[in-house]
Amino acid sequence: MTAVPPDLADKLLITVAPTGAETAKADVPQLPTTLEELVETAQRCEAVGAAMIHVHIRDDNHQPTIDVGRLEETVAALRSETTLVVQLSTGGSVHDPLERRLQVLDAAPDSCSLTMGTVNFGDDVFLNPWGFIKDLYQLSQERQVVPEFELFDLGHVHALRRLLRECGLPYGGRVHCDFVTGIPGGMPGTADALVAGVAALPSEVTSWSATGIGRSTLPVALAALSMGGHLRVGMEDVLTLAKGVPVDHNEQLVSRAAELGRLAQRGLMTPAEARGMLAVRPQ
Ligand code: KMH
Ligand code: ZN
């Protein structure tokens, strides 16, 4: 493991997850689903403090897709119009087959999500069998793409320990995780669950963030900050700012996270600093 430089130790990484795969454009027209909307969102979120973007894309009918050509175009556009660390989702939607999810790495992002186990996902199942996890991880090592290990449950934390033992460290040597809490079927979006997850992290982990779905967004963000963690926010995870107050733009969620960071006396990490912390491959 290579340690995170001390000057970054107190800084806050904000990742924006602006779209996700679960919300329909027809229900939430302000959800960024076109490339133009995504780039505009990314620029505005970067301006108010985001350093990384977790990307799900949609097709011309606003349906989730993991079409590699479209992903390549998206990575190119985000690289040209922002300096954000570009993380592609390999989770896609619950309907995407495993073989196609591996092909996401063909789009050569800076980072990819890598979920550490299967989890009930509302009425669906988000499938991540052990063989798939290993294949995706080894592919990320070969392609020099930095994984973000998505932890939806305490068992996923222990699976990460096993993965690192069996397959070694990620490309770059840093181990960054994100706790995704509050999914019906996964760990609850509570401070108690987050504390248990953080306590179980293997020693190789160099940084972690957390997100809370829906109304668990704020409690989980506050708990994460109080433990020195980083934040993921965005319309993939929450569609309201408060009860009955819809999010109009992802920028609002990033601004709020930045303000929480300021209150917690955490300077905001720039995209360049995030690249350093995560040991992303230079372009
Ligand atoms: N859409 C979920 C089924 C990821 O991006 O890697 C999976 C997900 C996790 O959002
Ligand atoms: Zn996602």
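Below or above, wherever it landed, is the structure these notes cover. (Residues numbered from 1 in each chain as written. Chains lettered and ligands numbered in written order. Predicted model: local features only at pLDDT ≥ 70, side-chain atom pairs only at ≥ 80, totals over all residues. Heavy atoms only, no water.)

Things to note about the coordination of the zinc ion (ligand 2)
- Protein coordination of the zinc ion (ligand 2) is provided by His 54 (NE2), His 56 (NE2) and Glu 236 (OE), with donor distances spanning 2.1 Å.
- All donor residues of the zinc ion (ligand 2) come from one chain, and their arrangement in sequence is H-x1-H-x179-E. Neither His 54 nor His 56 differs from the other in exposure class; each is buried. (Donors = N, O, S within 2.8 Å, 3.2 Å for Na, K, Ca; no water. Buried < 20%, exposed > 50% of the residue type's maximum accessible area, 1.4 Å probe, protein only.)

With respect to the packing of aromatic side chains
- Within this structure, the stated rule accounts for five aromatic pairs.
- Their ring planes at 55° and their centres at 6.5 Å tell us that Phe 121 and Phe 152 sit as a pair that is tilted. Of the two residues, Phe 121 is situated in strand β7 (residues 119-121) and Phe 152 in the loop between β9 (146-151) and α5 (154-167); the sequence distance between them amounts to 31 residues.
- Summarising the aromatic geometry, the rings of Phe 179 and Trp 208 are spaced 5.8 Å apart at their centres and angled 80° between planes, so their arrangement reads as edge-to-face. (Phe/Tyr/Trp six-rings, centres within 6.5 Å; stacked < 30°, edge-to-face > 60°. Helix = DSSP H or I, 4+ residues; strand = E, 2+ residues; numbered from the N terminus.)

A closer look at the site of ligand 1
- Lining the immediate environment of ligand 1, one finds Glu 22, His 54, His 56, Ser 89, Gly 91, Gly 92, Val 94, Ser 113, Thr 115, Phe 121, Phe 126 and Glu 236.
- Here Gly 91 contributes a backbone N or O atom positioned 3.3 Å from an oxygen atom of ligand 1.
- Here Ser 113 contributes a side-chain N or O atom positioned 2.6 Å from an oxygen atom of ligand 1.
- Calculation on ligand 1 without its partners gives an accessible area of 300 Å², and the protein chains cover 97% of this total.
- Residue classes in the shell around ligand 1 are distributed as three nonpolar, seven polar and two charged. (Near = heavy atom within 4 Å. Polar contact = N/O pair within 3.5 Å; in protein donor to acceptor, adjacent residues only side chain to side chain. Areas by Shrake-Rupley, 256 points an atom, 1.4 Å probe, with all protein chains shown as cover. Nonpolar A, V, L, I, M, F, W, Y, C, P; charged D, E, K, R; others polar.)

Quick look at the sheet that holds strand β11 (residues 207-212)
- One closed barrel holds the eight strands; their spatial order is β1-β2-β5-β6-β9-β10-β11-β12, and the pairing between them is parallel. Ignoring which end each strand starts from, the neighbouring axes of this sheet average 25° apart.
- Across two bridges, the pairing between β11 and strand β12 (residues 230-233) is parallel. Opposite Ser 209, over in β12, you have His 230 as the bridge partner. (Pairing = 2+ DSSP bridges. Axes fitted to C-alpha atoms, helices over the stretch in contact; angles between N-to-C directions.)

Section: the nonpolar core
- Counting residues in hydrophobic clusters, the biggest one holds 67 residues, and the most contacted among them are Met 116, Phe 149 and Phe 179.
- The leading source of residues in this core is α5, at six residues.
- If you look at the next biggest cluster of nonpolar residues, it comprises eleven residues, including Leu 13, Val 146, Met 277 and Val 280. (Core = buried A, V, L, I, M, F, W, Y, C linked by side-chain atoms within 4.5 Å.)

A short note on the pattern of salt bridges
- Scanning the entire structure with this criterion turns up 14 salt bridges.
- Note that Glu 166 is salt-bridged to Arg 162, the shortest N-O span being 2.9 Å. One end of the pair, Glu 166, and the other, Arg 162, are both in helix α5, four residues apart, so they sit about a helical turn from each other.
- Exposure remark for Glu 166: the relative accessible area of 37% places this residue in the partly exposed category.
- Between Arg 262 and Glu 259 there is a salt bridge whose closest N-O contact spans 3.3 Å. Taken together, the residues Arg 262 and Glu 259, both in helix α8 (residues 250-263) and three residues apart, mark about one turn of the helix.
- What you see here is one network of salt bridges that share partners, running through Asp 178, Arg 232, Glu 236 and Asp 237. (Salt bridge = Lys/Arg side-chain N within 4 Å of Asp/Glu carboxyl O.)

Brief notes about the packing of α5 against helix α6 (residues 191-200)
- The N-to-C vectors of α5 and α6 enclose an angle of 10°; their axes lie 9 Å apart at closest approach. For the element pair α5 / α6, the angle class is roughly parallel. Residues Leu 154, Val 157, His 158 and Arg 161 of α5 lie in contact with α6, whose contacting residues are Ala 196, Gly 197 and Ala 200.
- Residue classes in the contact of α5 with α6 are distributed as four nonpolar, two polar and one charged. (Parallel < 35°, antiparallel > 145°, perpendicular 65-115°, else oblique. Contact = heavy atoms within 4.5 Å.)

Quick word on the pairing of strand β6 (residues 111-115)
- With respect to burial, β6 is a largely interior element, five of its five residues being buried.
- The side-chain alternation of β6 yields two buried faces, one formed by Ser 111, Ser 113 and Thr 115 and the other by Cys 112 and Leu 114.
- As defined by bridge partners, strand β5 (residues 85-88) adjoins β6 across two bridges and the pair is classed as parallel. Note on β6: the bridge partner recorded for Gln 87 is Ser 111.
- Pairing of β6 with β9 involves five bridges; the strand directions are parallel.

Describing helix α1 (residues 35-47)
- Between its first and last C-alpha atoms α1 spans 18 Å; for 13 residues at 1.5 Å apiece the expected length is 18 Å, and the two agree.
- Within α1, the full set of buried residues consists of Leu 38, Val 39, Thr 41, Ala 42 and Cys 45. One side of α1 holds all its buried residues, which, seen down the axis, span an arc of 160°. α1 presents Glu 36 and Ala 47 as exposed residues on the side facing more than 90 degrees away from its buried surface.
- Check the buried side of α1 and you find it contacts β1 (14-16), β2 (52-55), α2 (68-81) and α8.
- Gly 49 occupies a position one or two residues after α1 and carries a positive phi of about 130°. (Expected span 1.5 Å × (residues − 1). Arc of directions from axis to C-beta.)

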